[in-house]
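# Structure at a glance
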Number of protein chains: 2
Amino acid sequence: MNAGPDASTPSPPQPTRPARGRSTRQKTAVNRALDERQDFVSAQELFALLKERGEQVSLATVYRILQQQQREGRVDVLNPDDGEALYRRCAVQTHHHHLVCRQCGRAVDIEAPAVERWTARIASEHGFTEAEHTVEIYGTCPDCSRP
Amino acid sequence: MNAGPDASTPSPPQPTRPARGRSTRQKTAVNRALDERQDFVSAQELFALLKERGEQVSLATVYRILQQQQREGRVDVLNPDDGEALYRRCAVQTHHHHLVCRQCGRAVDIEAPAVERWTARIASEHGFTEAEHTVEIYGTCPDCSRP
DNA sequence: CTACATGCAAAGAATTTGCAAATCA
DNA sequence: TGATTTGCAAATTCTTTGCATGTAG
């Protein structure tokens, strides 16, 4: 997507694209859950969470809403090795990375212009074009490592 | 990129465990294919490739061999967004990253001590322990971008 | 009213697993 | 021989889709 990591771009005053489509009970519920729990969660977890809470939203709809928001750039997505995608409503809308807790999904947004520049340089040095990159750090957060 | 014998490296943590288990026709075939085609391929592609070539190996076995080698640290695995894991026999056995062509799977090994240090620092600054990271660069290689 | 949203169940895909038969050492 | 390996098919998981019905605007 982002072909030229341009860290020097001044934060554009265009935060969240206005939510598309109609406003429905389901979207509201999903959004509320995402806003409250600002940790990475899987679609299935989110679904369980909503159900537990009494909200009636089908799993398919959760997936649909999630991918719609992904398209709109309103949620960040992670693809860990274990085959379950993780979603999160991020504070920052600009390109950034994450330091994620494996246990609870809690995450810290990381911005690192130096890394952006580095990846761009590596790619161009090897003649690769349209470079994108993936940089995520996984660990155990202070709370979860406390015995 | 340069992964050559580094005499100055302090005793490297024994990465290449001797191939385990028995040697079989199937393992030989899979290994040969992996060694020849040193690009990232999915299990399914590898399976098709072997079949095409006349080698008789079942898909399940390809998966089993691949995950065994992964455990042994003999292949690197990538988890792109599109849900298919990609495997590759790497020249380097030490920790490194990749610059991968989206089209053909061709990859360049990248070593970047600075990035390693950076991720470790970020994690510890936030009190995260047992930090690991994912750093991959995707792009279009010179050959594939040629019209 | 009518295009978009949702629910449900079925479909898909990638990967794993149970188990009997084949095979390497 | 005897423990591994393999093949095959069935099972699992996460995710997507088809279609009839519901509903926001």
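Residues numbered from 1 in each chain as written. Chains lettered and ligands numbered in written order. Predicted model: local features only at pLDDT ≥ 70, side-chain atom pairs only at ≥ 80, totals over all residues. Heavy atoms only, no water.

### Brief notes about the pattern of salt bridges
Residue and element names in this part refer to chain A. Our working definition: In what follows, salt bridge is the name for a side-chain nitrogen of Lys or Arg lying within 4 Å of a carboxyl oxygen of Asp or Glu. What counts as a helix is a DSSP run of H or I of at least four residues, what counts as a strand is a run of E of at least two, and both are numbered from the N terminus.
According to the stated counting rule, one finds 20 salt bridges over all chains in the structure shown. Close ionic contact of Arg121 with Glu125 constitutes a salt bridge, the shortest N to O distance being 3.0 Å. In this pair, Arg121 and Glu125 are both assigned in helix H4 (residues 113-125), four residues apart and thus about one turn of the helix distant. Each of the salt bridges in this network shares a partner with another, and the network as a whole consists of Arg32, Glu36, Arg53 and Glu55.

### Points about the relation of the copies chain A and chain B
Spelled out, the test is: The fit set for superposing copies consists of C-alpha atoms from residues with pLDDT of at least 70 in both; the fit itself is least squares. Contacts are assigned to residue pairs with any non-hydrogen atoms lying within 4.5 Å of each other.
With an RMSD of 0.1 Å, the fit of chain A onto chain B corresponds to turning through 179° and sliding 0.1 Å along the axis. Put plainly, the chains are arranged around a two-fold axis. Among all C-alpha atoms of chain A, that of Val135 of chain A lies closest to the rotation axis, at 2.2 Å. Most of the interface of chain A is mirrored in chain B: 94% of its interface residues are interface residues there too.

### Here we look at unusual backbone geometry
Located in the positive-phi region is Glu130 of chain A, a residue other than glycine, with phi close to 50°. Mapped onto the secondary structure, Glu130 of chain A falls in strand E6 (residues 129-140).

### A look at the packing of helix H2 (residues 43-52) of chain A against helix H3 (residues 59-71) of chain A
Residues and elements named next belong to chain A. Which entries qualify depends on this criterion: Between N-to-C directions, angles span 0 to 180 degrees; the directions come from axes that are lines fitted to C-alpha atoms, helices contributing only their stretch in contact. Comment on the angle field: the value is read as roughly parallel under 35 degrees, roughly antiparallel over 145, roughly perpendicular from 65 to 115, and oblique elsewhere. Take the far helix as your reference; a near helix turned counterclockwise from it by less than a right angle gives a left-handed crossing, and one turned clockwise gives a right-handed crossing. Put simply, Ala, Val, Leu, Ile, Met, Phe, Trp, Tyr, Cys and Pro go in the nonpolar bin, Asp, Glu, Lys and Arg in the charged bin, and everything else, Gly too, in the polar bin.
At a closest axis distance of 9 Å, the pairing of H2 and H3 adopts a crossing angle of 125°. Taken together, the axis directions place H2 and H3 in an arrangement best described as oblique. In terms of crossing hand, the pair formed by H2 and H3 is right-handed. Side by side, H2 and H3 meet where Ala43, Gln44, Leu46, Phe47 and Leu50 of the first sit next to Leu59, Val62, Tyr63 and Leu66 of the second. Here the contact of H2 with H3 is composed, by residue class, of eight nonpolar, one polar and no charged.

### A closer look at the pairing of strand E4 (residues 97-101) of chain A
Residues and elements named next belong to chain A. For clarity, the threshold we go by: Accessibility here uses a 1.4 Å probe with only protein chains present; expressed as a share of the type maximum, an area under 20% marks a residue as buried, one over 50% as exposed, and anything in between as partly exposed. Here, strands pair whenever DSSP counts at least two bridges between them.
Across the five residues that make up E4, a large majority, five, are buried. Burial along E4 is two-sided: His97, Leu99 and Cys101 and His98 and Val100, pointing in opposite directions, are all buried. Inspection of the sheet shows E4 paired to strand E5 (residues 107-110) by four bridges, in the antiparallel sense. When the sheet's bridge partners are listed, His98 is paired in E5 with Asp109.

### Points about the protein's contact with DNA strand D
Put simply, the test is: Proximity is defined per residue: if any heavy atom of the residue lies within 4 Å of a molecule or strand, that residue is considered near it. We define a polar contact as two N or O atoms separated by no more than 3.5 Å, with the added condition that, inside protein, one atom must be a possible hydrogen donor and the other a possible acceptor, whereas residues neighbouring each other in sequence contribute only through side-chain atom pairs.
Near DNA strand D there are 22 residues, and of these Tyr63 of chain A together with Gly21, Gln26, Thr61 and Arg64 of chain B occur at the shortest range. The separation between a base nitrogen of DNA strand D and a polar side-chain atom of Arg22 of chain A is 3.5 Å. Interatomic distance of 3.0 Å between a backbone N/O atom of Gln56 of chain B and a phosphate oxygen of DNA strand D. By residue number, the principal contributor to the surface near DNA strand D is H3 of chain A, which donates five residues.

### Quick notes on the sheet that holds strand E5 (residues 107-110) of chain B
Taking strand neighbours across the sheet as the criterion, the six strands line up as E5(A)-E4(A)-E6(A)-E6(B)-E4(B)-E5(B) in an open arrangement whose pairing is mixed. Each edge of the open sheet carries a strand with a single partner, namely E5 of chain A together with E5 of chain B. Ignoring strand direction, the axes of neighbouring strands in this sheet form an average angle of 20°. Set on the sheet, H4 of chain A makes contact with E4 and E6 of chain A together with strand E4 (97-101), E5 and strand E6 (129-140) of chain B; between it and E6 of chain B the angle comes to about 40°. Across the sheet, helix H4 (residues 113-125) of chain B lies against E4, E5 and E6 of chain A together with E4 and E6 of chain B, angled at about 40° from E6 of chain A, the strand it touches most.

### Notes on the environment of Phe128 of chain B
All names here are of chain B. Looking at the secondary structure, you find Phe128 in the loop between H4 and E6. According to the relative accessible area criterion, Phe128 is buried, its value standing at 5%. Each C-alpha atom of the pair Phe128 and His95 lies 20 Å from the other, and the pair is 33 residues apart in sequence.

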